[in-house]
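# Structural overview
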Amino acid sequence: MWTSTLARFARPALQRSTAAVTCQVLKACCRSGPAAGRLPPSLTSVQLRGQQSLVSASHPASRQLVRHARALDQERLVEVEWEDGGHSSYPFTWLRDNCQCPLCTLQSAQARVLLMCDLDIHAGVDTVEVTKDNKVSIVWPDQHTSVFDPEWLKKRCFSSAARQSLQEELFLNERYYWDSTLCIPTADFQQVLQDDNAALAWLLAMRRFGVVCLKGAPAEQGQVARLCERIGFLRLTFYGHTWQVQDKYMANNLAYTSKKLSVHTDYPALNFPPGVQFIQCLCPAVEGGESQLVDGFHVTQQLQREDPEAFQILTSLLVNFQDVGRDYCDFHLLSKHCIIE
Ligand SMILES: [Zn+2]
């Protein structure tokens, strides 16, 4: 018998799907970007920390200079020629829609104020010019003026390369899909709590691999909450903020028994299953008690290749999930999901 403390923690930026984070093949997600290469078998925690540089977490904007800007009326595009020789083209309607002036954008929230019903999708352009401080200024037929920073424009360039780069910056798409050869990345619990670089390396590894083993935590309750609060907040579920997984009389969950569990995802009955799950082993079993992890992405990829028909069914057929019981509160949960989504 063993006991451990669990906590669910959700943070969309980290999500790699519950399936990949936890333990099963039943529910996996295959829409999260390109397949990454296989993890080098020799990867160690030290190398991991070195490898997870801060590069992908922060891209300091380099100064972009506009050489020339002009309207292509026929194509309804504004073409920007950059000082480095490259060109970017932006649709008239998109530029008007994304005007950054205080009338169109609430600066403090960086949120759109312009209503769709006030957007003239057929609007042409009166004049386009590069201002003295190297911004692109557009005057629209109703004499409304939009001024765009070159960095802002460059970042939103419509070229495939620029879009790919922005996706990578925003979503850190680099992944490793792994099998039983994985050497699970490790990090030091205390370091993660105390050192921002270690915390970032841990988060990046979690994002890329879906699982990280932290070592060095005190074997006492409350540690998973400390870890969660280091980076976000605990998500309350019907089991409470955290809870003890141990053999219980009249168990309301198979996990509260000493029976062996097969691979599974937790909480399919929730409409939004937690993105990250933290488990601490407080009392290792004298015998047995091993945990099994499966990369749902890897399995899904393999299934799609080897049995496309099964993949098609599992990605399109909605399944009912239900969970009824009493714990932190009474609960009766119902949801519909595809097995792979
Ligand atoms: Zn405006």
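Residues numbered from 1 in each chain as written. Predicted model: local features only at pLDDT ≥ 70, side-chain atom pairs only at ≥ 80, totals over all residues.

To keep it simple, the criterion reads: UniProt positions are given in the numbering used here, feature names are shortened, and annotations may be inferred rather than shown by experiment.
The name recorded for the protein chain in an unreviewed UniProt entry is Gamma-butyrobetaine dioxygenase, from Solea senegalensis. What the UniProt record of the protein chain gives under Sequence similarities (unreviewed entry) is the line "Belongs to the gamma-BBH/TMLD family."

## Quick look at the overall build of the protein chain
Spelled out, the test is: For helices the rule is a DSSP run of H or I covering at least 4 residues; for strands it is a run of E covering at least 2, with both sets numbered from the N terminus onward. Around each residue's C-beta, the other C-beta atoms within 10 Å are counted; 20 or more make the residue buried, 12 or fewer make it exposed, and counts in between make it partly exposed. All C-beta atoms are placed from the backbone. Note on contacts: each residue gets a C-beta atom placed from the backbone, and two residues are in contact if those atoms are within 7 Å.
Helix and strand counts for the protein chain come out as 10 helices and 15 strands. In the protein chain, which comprises 341 residues, the share counted as buried stands at 26%. Within the protein chain, contacts between residues at least 6 apart in sequence are counted, and of these 67% link residues at least 24 apart.

## Re unusual backbone geometry
Not every positive phi belongs to a glycine, and Gln 143 is a case in point at roughly 70°. Examined against the element boundaries, Gln 143 turns out to sit in the loop between β8 (136-139) and β9 (145-148). The class for Gln 143 is exposed, based on 7 C-beta atoms found within 10 Å. Phi is positive for Met 250, close to 50°, though the residue is something other than glycine. On the basis of neighbour count, Met 250 is assigned to the exposed category, with 5 C-beta atoms found within 10 Å.

## A look at the sheet that holds β9
Within a sheet, adjacent strands bond to each other through the backbone by hydrogen bonds, running parallel or antiparallel. Counted only if it meets this: Each pair of strands is called paired provided DSSP finds at least two bridges between the two strands. An axis is simply a line fitted to the C-alpha atoms; with a helix, the fit covers only the stretch in contact. Between two such axes, the angle follows the N-to-C directions and lies from 0 to 180 degrees.
Strand order across the open sheet formed by 3 strands is β7-β8-β9, with antiparallel pairing between neighbours. Single-partner strands in this sheet number two, and they are β7 (127-130) and β9. With direction set aside, neighbouring strand axes in the sheet form an average angle of 15°. Sheet topology note: the β8/β9 ladder contains 4 bridges and is antiparallel. Considered in β9, the bridge of Val 136 is made with Phe 148.

## Quick word on the sheet that holds strand β3 (residues 77-82)
Strands sit in the order β2-β3-β4 across an open sheet of 3 strands; the sheet is antiparallel. On the outer flanks of this sheet lie β2 (66-72) and β4 (87-91), each paired with one strand and no other. Between one strand axis and the next, the sheet turns through 20° on average, direction left out of account. In this sheet, β3 lies alongside β2 in antiparallel orientation, the contact comprising 6 bridges. Bridge pairing in β3 places Val 66 opposite Trp 82.

## Let's talk about helix α7 (residues 196-209)
Cut-off, in case you're wondering: What a helix should span is 1.5 Å times the count of its residues minus one.
The end-to-end C-alpha distance of α7, which contains 14 residues, comes to 20 Å, matching closely the 20 Å that a straight helix rising 1.5 Å per residue would cover. Residues Ala 201, Trp 202, Leu 203, Leu 204, Ala 205, Met 206, Arg 207, Arg 208 and Phe 209 constitute the buried set of α7. Gly 210 sits one or two residues past α7 and shows a positive phi near 85°.

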